[in-house]
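Below, each chain spelled out in residue letters.
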Amino acid sequence: MRPEISVRNLQRTISVKAAGLEKFAARAVRHCLQLRKREQTDLSKLPKIFVWLISDRRMSQLHRQFLGQTGPTDVLTFQHGEIFISVETAKRHAHIFGKSLMRELQLYIVHGFLHLHGFGDRTPAEARKMRTTQEKILRDCSGDR
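Parameters and conventions
Residues numbered from 1 in each chain as written. Predicted model: local features only at pLDDT ≥ 70, side-chain atom pairs only at ≥ 80, totals over all residues. Heavy atoms only, no water. Helix = DSSP H or I, 4+ residues; strand = E, 2+ residues; numbered from the N terminus. Rg over C-alpha atoms; globule rule 2.2 N^0.38 Å. Contact = heavy atoms within 4.5 Å. Core = buried A, V, L, I, M, F, W, Y, C linked by side-chain atoms within 4.5 Å. Buried < 20%, exposed > 50% of the residue type's maximum accessible area, 1.4 Å probe, protein only. Salt bridge = Lys/Arg side-chain N within 4 Å of Asp/Glu carboxyl O.

## Section: the overall build of the protein
Item 1. For the protein, the helix and strand inventory stands at six helices and four strands.
Item 2. The N-to-C order of helical and strand elements in the protein reads β-α-α-β-α-β-β-α-α-α.
Item 3. Radius of gyration (C-alpha) of the protein: 14 Å, near the 15 Å computed for a compact globule of 145 residues.
Item 4. Based on the C-alpha atoms only, the size of the protein along its principal axes is roughly 40 × 35 × 30 Å.

## Regarding the environment of Glu104
Item 1. Looking at the element boundaries, Glu104 is found in helix α5 (residues 101-116).
Item 2. Discounting residues that sit within four places of it in the chain, Glu104 has contacts with Ala90, His93, Ala94, Phe97 and Lys99.

## So, the nonpolar core
Item 1. Leu53, Ile85 and Phe113 are the most contacted members of the largest nonpolar core, which totals 35 residues.
Item 2. Ile54, Leu76, Phe78 and Phe84 belong to the second largest nonpolar core, which has seven residues in total.

## With respect to the pattern of salt bridges
Item 1. One pass over the full model with this rule turns up four salt bridges.
Item 2. The partner of Glu22 in a salt bridge is Arg8, with the nearest N and O atoms 3.3 Å apart. With a gap of 14 residues between them, Glu22 in helix α1 (residues 18-35) and Arg8 in strand β1 (residues 4-9) connect regions that are remote in the sequence.
Item 3. Note on Glu22: relative accessible area 27%, which makes it partly exposed.
Item 4. Judged by relative accessible area, Arg8 falls into the partly exposed class, the value being 41%.
Item 5. A salt bridge links Asp56 to Arg92, with the shortest nitrogen-to-oxygen separation between them at 2.8 Å. Of the two residues, Asp56 sits in helix α3 (residues 56-67) while Arg92 sits in helix α4 (residues 87-97), which places them 36 residues apart along the sequence.

Below, the structure written as structure tokens:
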């Protein structure tokens, strides 16, 4: 089973093509599910996943409420199938790393999917494995059209 993906832009500061991200997300979820076919994970069990594009202000509230940390973060993933992405943080990071905003948002979507699929990033080894997997999925999905 593959979850239905919905991408909604709830922030008004930065223009984002949510429909394009939704198409990308549908391709990316297929690639993620290929990784651990035999394992039951949240990604393979959830009927729907919601990707919410939000402001730094809203992300800061969620970050404090759920992780007890101040300030915005780039992406927060909840096991019940919600992925929150700060578009303002994505834009800053895209500029710093010389990427497009769309590519940075795609990276955060894949990151959220991988968390739902049982990948972690708490240890250096987990973070390395996650980064490598994210890059592979981004490359593979770029070729899908």
